[in-house]
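Each chain is listed here by its residues.
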Amino acid sequence: ENDQTSDNNMASKLNQKIFGGAPDLTDEQKQTIEVAQNVGTTPRDSRFPTQNQANHCWNRYNEWRLCLKNTGDEEGCKNMKQMAFSICPSLWTEKWEEEHEENTFPGLKV
């Protein structure tokens, strides 16, 4: 049994002891929990071996933009977006999103 399953079982048992059973969740709450349990970060990329991951962030972000440009499918590029946004500081991605809207982004033009 993996650690996550073990943790989930302990949480379930704790809920039962405290609340007398699992809490009633709305569908939206269930979806939020599922998303949170599946969140990860971008895998290691051998092109960026140093601790400074700024170039890795920049590449992931532009690879996601390239996917959008080539496919036009936001749902199909969702995984690439998640990898970019998980490694990049939100301050950077917010700035780049604003620059895209203003057509001043120095990277890939979409």
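This text goes with the structure placed above it.
Residues numbered from 1 in each chain as written. Predicted model: local features only at pLDDT ≥ 70, side-chain atom pairs only at ≥ 80, totals over all residues. Heavy atoms only, no water.

### What about the state of the cysteines?
Step number 1: Applying the stated criterion to the full structure yields two disulfides.
Step number 2: Indicated for the protein chain is the disulfide connectivity 1-4, 2-3, based on numbering the bonded cysteines in sequence order. (Disulfide = S-S within 2.5 Å.)

### So, a nonpolar patch on the surface
Step number 1: On the surface, a nonpolar cluster with roughly 350 Å² of combined accessible area is contributed by Leu14, Ile18 and Phe19.
Step number 2: Classification of phenylalanine 19 as exposed rests on a relative accessible area of 59%. (Patch = residues over 30% accessible without salt bridge, like charges linked within 9 Å, V, L, I, M, F, W, Y side chains within 5 Å. Areas by Shrake-Rupley, 256 points an atom, 1.4 Å probe, with all protein chains shown as cover. Salt bridge = Lys/Arg side-chain N within 4 Å of Asp/Glu carboxyl O. Buried < 20%, exposed > 50% of the residue type's maximum accessible area, 1.4 Å probe, protein only.)

### Considerations on the side chain of asparagine 62
Step number 1: For asparagine 62, the location among the structural elements is in helix 3 (residues 54-71).
Step number 2: In contact with asparagine 62, not counting residues within four places along its chain, are Phe105, Gly107 and Leu108. (Helix = DSSP H or I, 4+ residues; strand = E, 2+ residues; numbered from the N terminus. Contact = heavy atoms within 4.5 Å.)

### Quick look at the packing of aromatic side chains
Step number 1: Following the criterion strictly, the structure yields nine aromatic pairs and no others.
Step number 2: When the centroid spacing of 4.8 Å and the interplanar angle of 55° are considered together, the rings of tyrosine 61 and tryptophan 96 count as tilted. Remark: tryptophan 96 occurs in helix 5 (residues 90-101) and tyrosine 61 occurs in helix 3; sequence separation between them is 35 residues.
Step number 3: Overall, tyrosine 61 belongs to the buried group, its relative accessible area being 0%.
Step number 4: Looking at lysine 81, its charged tip hangs above the ring of phenylalanine 85, at a distance of 5.3 Å from the centre. (Phe/Tyr/Trp six-rings, centres within 6.5 Å; stacked < 30°, edge-to-face > 60°. Lys NZ or Arg CZ within 6 Å of the ring centre and 35° of its normal.)

### Considering the nonpolar core
Step number 1: Core analysis: the largest hydrophobic core is formed by eleven residues, namely Cys57, Tyr61, Trp64, Cys67, Leu68, Cys77, Ala84, Ile87, Cys88, Trp96 and Phe105.
Step number 2: Where this core is concerned, the elements lending two or more residues are helix 3 and helix 4 (78-87).
Step number 3: At five residues, helix 3 tops the list of elements feeding residues into this core.
Step number 4: The residues touching tryptophan 96, leaving out its near neighbours within four places in the chain, are Cys57, Trp58, Tyr61, Cys88 and Phe105. (Core = buried A, V, L, I, M, F, W, Y, C linked by side-chain atoms within 4.5 Å.)

### Thoughts on helix 4
Step number 1: Among the residues of helix 4, Met83, Ala84 and Ile87 are the ones counted as buried. Along helix 4, the residues classed as buried sweep out an arc of 95° about the axis, all on the same side. (Arc of directions from axis to C-beta.)

### Observations regarding unusual backbone geometry
Step number 1: Despite not being glycine, asparagine 103 shows a phi value in the positive range, around 55°.
Step number 2: With respect to the helices and strands, the residue asparagine 103 is situated in the segment after helix 5.
Step number 3: Residue asparagine 103 is classed as exposed on the basis of its relative accessible area, which comes to 66%.

### With respect to a negative patch on the surface
Step number 1: A cluster of acidic residues, Glu94, Glu98, Glu101 and Glu102, forms a negative patch on the protein surface.
Step number 2: Within the secondary structure, glutamate 101 is located in helix 5. (Lys, Arg positive; Asp, Glu negative; His and termini not counted. Charge placed at Lys NZ, Arg CZ, Asp CG, Glu CD.)

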